[in-house]
Amino acid sequence: MIFKRHVRGAIAVAAAITGLVAFAAPARADQCDDIAKQLAGGIDGLKVNFKAANIIYLTHPAAKELSLGCRAQGQAYSNELYAKGDRKPTPQFYDLVASAAAIIFTVTKDDTATGATRCLKRMGLLRGDKVTMRYKRLNMECTRTKTEAAITVTRPKDE
């Protein structure tokens, strides 16, 4: 009889501790997942594919490749938007990059559109196939090959 009381008491204490631990540390969604959901809800035609490590791959008809990179421990950048399209980007591609960067970095869409357009249009005979620029506290790096053009938009952690 006494043995049964000790077992019941131990089980009750273990259940109470487990309950406290479960309620004390609620599960939180990843900030990167939240941004991806905002992107999918804010841009027509954008779909979230899958997440691998710290990168969320996205799809949109205006881009060949589209991804959202999130900061890992020790990286110099907070978030990163990568978009790849045709060598001569379409207005839909510019709009996609501007909308996505505006949502990710909380900057106005006009500012991100101006920066992306300047970066992608600077590539050419005089400046080459790789252009790095800074616009409205965003770092933009544009590259192109014979068939594709890509833009990477980042913001340093300290800004």
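Scroll up for the structure.
Here, residues in each chain are numbered from 1, in the same order as that chain's written sequence. With pLDDT at 70 or above as the cut-off, local features in this predicted model cover only qualifying residues; side-chain atom pairs require 80 or more to be listed or tallied, and sums for whole chains, interfaces and linings still use all residues. The side-chain values count all of the structure's non-hydrogen atoms but skip hydrogen atoms and water molecules.

### Here's the deal with the packing of aromatic side chains
To keep things clear, this is the line we draw: In this scheme Phe, Tyr and Trp rings, the latter by its six-membered ring, pair at centre separations within 6.5 Å, and the angle between planes marks the pair as stacked below 30 degrees, edge-to-face above 60, and tilted otherwise. Buried, partly exposed and exposed residues are distinguished by accessible area as a fraction of the type maximum, computed with a 1.4 Å probe on protein chains only: under 20%, between the cut-offs, and over 50%, respectively.
Scanning all chains against the criterion turns up one aromatic pair. Both rings, one in Phe 50 and one in Tyr 57, keep their centres 5.0 Å apart while their planes meet at 35°; by these two values the pair is tilted. Accessibility expressed as a relative area gives 32% for Tyr 57, which makes it partly exposed.

### Quick notes on the state of the cysteines
Just so we agree on the cut-off: Throughout, a disulfide means two cysteine sulfur atoms within 2.5 Å of one another. Every helix listed is a DSSP run of H or I at least four residues long, and every strand listed is a run of E at least two residues long, numbered separately from the N terminus.
Across all of its chains, the model carries one disulfide by this definition. Two residues, Cys 119 and Cys 142, share a disulfide whose sulfurs are 2.0 Å apart. Measuring handedness by torsion sign, the sulfur bridge of Cys 119 and Cys 142 sits at about 135° and is right-handed. One end of the pair, Cys 119, is in helix α4 (residues 109–122); the other, Cys 142, is in strand β6 (residues 138–144), and 23 residues separate them in sequence. A relative accessible area of 0% means that Cys 119 is categorised as buried.

### Quick notes on a nonpolar patch on the surface
We apply this condition: Note that patches include only residues with greater than 30% relative accessible area and no salt bridge, and the join distances are 9 Å for like charges and 5 Å for nonpolar side chains (Val, Leu, Ile, Met, Phe, Trp, Tyr). Surface exposure here means Shrake-Rupley accessible area, sampled with a 1.4 Å probe, where a residue is shielded only by the protein chains that are shown. The working definition used for a salt bridge is a side-chain nitrogen of Lys or Arg within 4 Å of a carboxyl oxygen of Asp or Glu.
There is a patch of nonpolar side chains on the surface, built from Phe 50, Ile 55 and Tyr 57 and spanning about 260 Å² of accessible area. For Tyr 57, the location among the structural elements is in strand β2 (residues 55–59).

### Concerning the packing of helix α3 (residues 91–105) against α4
Which entries qualify depends on this criterion: Note on method: axes are straight lines fitted to C-alpha atoms, helices fitted across the in-contact stretch only, with angles between N-to-C directions ranging 0 to 180 degrees. Should an angle fall under 35 degrees it is called roughly parallel, over 145 degrees roughly antiparallel, and 65 to 115 degrees roughly perpendicular, with every other angle called oblique. In this scheme the handedness of a crossing depends on how the near helix is turned from the far one: anticlockwise by less than a right angle means left-handed, clockwise means right-handed. Residue contacts are counted whenever heavy atoms from the two residues lie within 4.5 Å of one another.
Between α3 and α4, whose axes approach to 8 Å, the crossing angle comes to 130°. Judged by the inter-axis angle, α3 sits oblique to α4. Of the two possible hands of crossing, α3 and α4 adopt the one that is right-handed. Mapping the contact onto sequence places Phe 93, Tyr 94, Asp 95, Val 97, Ala 98, Ser 99, Ala 101 and Ala 102 in α3 and Lys 109, Thr 112, Ala 113, Ala 116, Thr 117, Leu 120 and Lys 121 in α4.

### Comments concerning the nonpolar core
What counts is decided by this rule: For our purposes a nonpolar core is just a set of buried Ala, Val, Leu, Ile, Met, Phe, Trp, Tyr and Cys residues, chained together by side-chain atoms within 4.5 Å.
Within the largest apolar cluster, 37 residues are counted, with the highest numbers of intra-cluster contacts made by Leu 39, Leu 66, Leu 68, Leu 81, Leu 120 and Ile 151. It is α3 that contributes the most residues to this core, eight residues altogether. Setting aside chain neighbours within four positions, we find Leu 39 in contact with Leu 46, Leu 58, Leu 68, Ala 100, Ile 103 and Ile 104.

### A look at the environment of Asp 111
Under the convention used in this document: In protein, a polar contact requires one atom able to donate a hydrogen and another able to accept it; more generally it is a pair of N or O atoms within 3.5 Å, and residues adjacent in sequence count only if both atoms are side-chain atoms.
Examined against the element boundaries, Asp 111 turns out to sit in helix α4. Asp 111 sits 24 residues away from Tyr 135 along the chain, and the two C-alpha atoms are 8.2 Å apart. With residues near it in sequence (within four places) discarded, Asp 111 still touches Tyr 135 and Lys 136. At a separation of 2.9 Å, a polar atom in the side chain of Asp 111 contacts the side chain of Thr 108.

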